[in-house]
Amino acid sequence: MSGLSGKIAVVVGGHGGIGGAIAERFAAEGATVYATSRRADEGEVELGAGRLRTRRVEASDVTALAAFFERVGSEAGRVDVLAVNAGIAEYATLDDIREDHFDRTFDLNVRALLFAAKAATAMMPEGGAIVLVGSIADAIGTKGYGVYGASKAAVRSFARTWANELAPRNIRVNVVAPGPTDTAMMAATSDEMRETLTKLIPLGRMGRADEVASAALFLASDQSSYITGAELPVDGGMAQV
Ligand SMILES: NC(=O)c1ccc[n+]([C@@H]2O[C@H](COP(=O)([O-])OP(=O)(O)OC[C@H]3O[C@@H](n4cnc5c(N)ncnc54)[C@H](OP(=O)(O)O)[C@@H]3O)[C@@H](O)[C@H]2O)c1
């Protein structure tokens with residue numbers, strides 16, 4: 001069984017796209033999932049063996065995030081599994097980069113992720129798991145995505161350090177690194193960009209959000225009990241061959 005039966009899970013950025021697929025999969029596998037979104041209606045649904053509780057949170061606002069985690073703590077008492085998915089990817093080549101582009105990207109992709117991990121680990125029992133949604137962009141130099149790639153390289157680096165720091169508590173920290181995946185983020189790029197990217201993927205197609213969710217579930221569950229500090233690419237081979 002790869003299940004998360006009885007676990008309390010938080011997915012930061014858990015509505016739509018990859019994060020929505022992760023939140024739904026975690027719930028289907030038996031977890032009570034708290035999923036944040038800036039835009040979804042608050043509510044609760046039963047999904048498979050678990051529950052999905054959606055909470056309206058501006059994830060890039062560290063104060064709002066802290067209040068959200070306090071609420072989870074008072075309702076559920078702990079966080080067994082944390083997935084941090086919320087992220088943005090804006091195009092800007094070096095000559096076009098402005099401070100606001102850098103700040104938006106790092107405030108969400110790095111700063112919010114850091115403080116979400118800090119808040120969650122404060123109430124994470126032994127055996128907990130953290131799954132950070134990175135990107136293969138952390139290791140390749142896609143033109144126009146320098147700040148994004150650097151933000152995901154920071155995520156990769158955090159996973160190494162936190163895996164080391166949290167190992168004495170048997171809390172594992174890993175990164176799931178999607179390649180081009182068919183979501184709203186990818187739909188926002190140009191046709192030319194999507195065609196170019198698809199040609200670079202050995203499996204000849206973009207990934208689906210549910211394929212990333214399968215990898216996130218593996219890293220969140222006891223199926224990966226001896227894996228920590230690692231990055232699992234879900235990229236059709238794009239950055240692997
Ligand atoms: N799609 C790809 O090809 C691809 C490839 C590699 C890595 N990734 C990574 O996968 C993750 C999810 O991406 P996706 O493709 O599923 O994109 P998406 O559908 O655009 O979802 C983006 C996620 O980030 C949140 N978000 C966006 N802007 C935000 C902001 N300003 N403040 C707070 N939250 C914000 C969204 O939450 P709301 O509900 O609040 O809007 C949503 O959860 C990201 O970390 C991305 O870097 C994606």
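Residues numbered from 1 in each chain as written. Predicted model: local features only at pLDDT ≥ 70, side-chain atom pairs only at ≥ 80, totals over all residues. Heavy atoms only, no water.

Student: Tell me what's going on with the site of the ligand, and back it up with residues and numbers.
Tutor: Close to the ligand lie 28 residues; Arg38, Arg39, Asn85, Tyr148 and Thr183 are nearest. Residue asparagine 85 places a main-chain N or O atom 2.7 Å away from an oxygen atom belonging to the ligand. At 2.9 Å, a side-chain N or O of lysine 152 approaches an oxygen atom of the ligand. Of all the secondary structure elements, the ones that give two or more residues to the shell around the ligand are α1 (17-28), α4 (146-166) and α5 (184-187). Counting residues per element, the shell around the ligand draws most heavily on α5, which supplies 3 residues. Class assignment for the residues of the shell around the ligand results in 12 nonpolar, 12 polar and 4 charged. (Near = heavy atom within 4 Å. Polar contact = N/O pair within 3.5 Å; in protein donor to acceptor, adjacent residues only side chain to side chain. Helix = DSSP H or I, 4+ residues; strand = E, 2+ residues; numbered from the N terminus. Nonpolar A, V, L, I, M, F, W, Y, C, P; charged D, E, K, R; others polar.)

Student: Give a description of the packing of aromatic side chains that names residues and reports values.
Tutor: A full pass over the atoms with the stated rule returns 5 aromatic pairs. An angle of 80 degrees between the planes, with centres 5.6 Å apart, marks the rings of tyrosine 91 and tyrosine 145 as edge-to-face. Taken together, the residues span a long stretch of sequence, with tyrosine 91 in the loop between β5 (81-84) and α3 (99-121) and tyrosine 145 in the loop between β6 (129-133) and α4 at a distance of 54 residues. Taking 6.3 Å as the distance between ring centres and 75 degrees as the angle between the ring planes, the aromatic pair formed by tyrosine 145 and tyrosine 148 counts as edge-to-face. The class of tyrosine 145 is buried, set by a relative accessible area of 15%. In this structure an aromatic cluster arises from ring pairing among Tyr91, Tyr145 and Tyr148. (Phe/Tyr/Trp six-rings, centres within 6.5 Å; stacked < 30°, edge-to-face > 60°. Buried < 20%, exposed > 50% of the residue type's maximum accessible area, 1.4 Å probe, protein only.)

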